[in-house]
Amino acid sequence: MRFAAIADVHGNCPALEAVLADIAVQGIATSDIVNLGDSLSGPLEAGRTADLLVSLDLVTVRGNHDRYLVEHATDAMHSWEADAFAQLTPAHLDWLRTLPFSCVWRDEVYLCHATPKEDNTYWLETVTPEGHVVQRPLTEVEAWAEGIGQSLILCGHTHLARTVRLSDGRLIVNPGSVGGPAYDDDKPYPHKIEAGHVFASYAICEKREGNWLVTFRQVPYDHMAMAELARRNGRLDWASGLATGFLGGEP
C-alpha cells in the first residue's frame with residue numbers, strides 16, 4: 001500500500017494544486033490521497049479550493065475549522081471562518097456537513113483531524129504556560145491511541161510534520177500543512193506555531209513487508225502571491241506566515 005496524506009489546506013488553492021501535481025509525479029493516483037481536514041478556512045481562496053476538493057472526492061475527515069463553518073452563526077464566526085464563509089456556496093457547505101469526524105481507510109489506516117476524541121486539541125504536542133510548544137509525553141500520546149487497532153494513525157491540526165512511534169510499534173503521522181505554515185492561538189495558552197519554511201507540506205506513506213515508511217514532501221509554489229492576497233484582505237499575520245514561515249516578519 002502506498003498513498004499520500006494531506007491536511008490543513010486552509011483555502012490555499014495554489015499550494016493544493018502544487019501538492020496534487022507533486023503527488024501525481026510520485027506515481028500516486030488521486031484515489032490514493034486522504035485529506036485530514038481544515039480545508040477552507042482562511043483569508044485566501046476558499047471557494048476555489050472547495051470547488052477543487054469537491055470535484056476530487058477525496059476521503060476526507062472533518063477538521064475543527066470545517067465544523068465551525070457549518071456550526072457557528074455568521075455573526076459569531078472566528079476571523080478564519082468569516083474570511084472563507086463569504087466565498088462558499090450552499091453546495092460547499094453541504095459537502096462539509098457530510099464529512100465524518102474520523103474514519104478507518106482501507107482497514108489499515110485510522111484518520112482524524114486532531115485526536116480521536118476532540119477536533120481542536122493537539123495530540124503530539126502540548127503548550128506550556130509560557131507559550132512554548134513542546135512534544136507531548138509519550139504516555140499521554142499513547143493514552144489517546146487506546147482502542148485504535150490500525151498500525152498507522154494519521155492526524156493534522158498543528159501544521160507541523162511529525163512522526164511518533166508508539167511503544168507497540170504503531171505510528172502516528174502528521175503530514176504538516178498544505179496551506180498554512182504559521183499561526184498563533186490563545187488556547188490553552190497564547191502560543192505560536194511556525195513551520196519555519198514557506199513550502200506546501202504533505203506525506204507519502206508506504207507499507208513494505210509489514211512496516212510503514214513515511215516520506216515528508218515540501219513543495220514550492222507561488223507563496224508570495226498568497227501572502228499578498230492575505231495582506232490585501234487585511235490579515236497581516238497570515239501574510240507574514242505565508243511569506244516567511246514565521247509570524248511577525250515582513251510579508
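The shown structure was predicted, so the numbers you read here are calculated from the model rather than taken from an experiment.

(A) Here's a closer look at the overall build of the protein. The helix and strand tally for the protein stands at 8 helices and 14 strands. Radius of gyration (C-alpha) of the protein: 17 Å, near the 18 Å computed for a compact globule of 251 residues. The principal-axis extent of the C-alpha atoms belonging to the protein is close to 50 × 45 × 35 Å. The buried share of the protein, reckoned over its 251 residues, is 54%. Contacts in the protein between residues at least 24 apart in sequence constitute 66% of all its contacts with a sequence separation of at least 6. With the model as given, the accessible surface of the protein reaches about 10,700 Å², and the carbon-plus-sulfur share is 49%. Each charge class in the protein can be summarised by its mean position, and for the 19 positive and 34 negative side chains these summaries are 3 Å apart.

(B) Layout of the sheet that holds strand β9 (residues 161-165). Strands sit in the order β4-β5-β8-β10-β9 across an open sheet of 5 strands; the sheet is mixed. Looking along the sheet, the strands with just one partner apiece sit at the ends: β4 (102-105) and β9. Across the sheet, the mean angle separating the axes of adjacent strands is 20° when strand polarity is ignored. Here 3 bridges tie strand β8 (residues 152-154) to strand β10 (residues 171-175), and the two strands are oriented parallel to one another. Counted as the bridge partner of I153 is I172 from β10.

(C) Expanded view of the nonpolar core. Formed by 45 residues in total, the largest nonpolar core has its most connected members in I6 and L40. Among the secondary structure elements, those contributing two or more residues to this core are β1 (2-6), α1 (13-25), α2 (46-56), α4 (79-85), α5 (90-98), β13 (200-208), α7 (223-232) and α8 (236-244). In contact with I6, other than residues within four places in its own chain, are L16, V19, I23, I33, V34, N35, L36, L58, P175, V178 and Y202. One finds V34, L152, L154 and V173 within the second-largest nonpolar core, a separate group that totals 16 residues.

(D) Main features of the sheet that holds β13. Read from one edge to the other, the open sheet built from 5 strands follows the order β3-β2-β1-β13-β14, with strand pairing classed as mixed. With one partner strand each, in any of the chains shown, β3 (59-60) and β14 (211-219) form the two edges of the open sheet. Direction of pairing for strand β2 (residues 33-35) relative to β3: parallel, over a ladder of 2 bridges. Following the sheet pairing, N35 is matched in β3 by T60. Packing against the sheet, α1 makes contact with β1, β2, β13 and β14, and its axis sits at approximately 30° to β13.

(E) Geometry of the packing of α1 against α2. For the pair α1 and α2, the least separation of the axes is 9 Å and the interaxial angle reads 30°. Here C13, P14, L16, E17 and L20 of α1 lie close against α2, whose contacting residues are R48, T49, L52, L53 and L56. When its residues are assigned to classes, the contact of α1 with α2 shows 7 nonpolar, 1 polar and 2 charged.

Conventions adopted
Residues numbered from 1 in each chain as written. Predicted model: local features only at pLDDT ≥ 70, side-chain atom pairs only at ≥ 80, totals over all residues. Heavy atoms only, no water. Helix = DSSP H or I, 4+ residues; strand = E, 2+ residues; numbered from the N terminus. Rg over C-alpha atoms; globule rule 2.2 N^0.38 Å. Buried < 20%, exposed > 50% of the residue type's maximum accessible area, 1.4 Å probe, protein only. Contact = heavy atoms within 4.5 Å. Areas by Shrake-Rupley, 256 points an atom, 1.4 Å probe, with all protein chains shown as cover. Lys, Arg positive; Asp, Glu negative; His and termini not counted. Charge placed at Lys NZ, Arg CZ, Asp CG, Glu CD. Pairing = 2+ DSSP bridges. Axes fitted to C-alpha atoms, helices over the stretch in contact; angles between N-to-C directions. Core = buried A, V, L, I, M, F, W, Y, C linked by side-chain atoms within 4.5 Å. Nonpolar A, V, L, I, M, F, W, Y, C, P; charged D, E, K, R; others polar.

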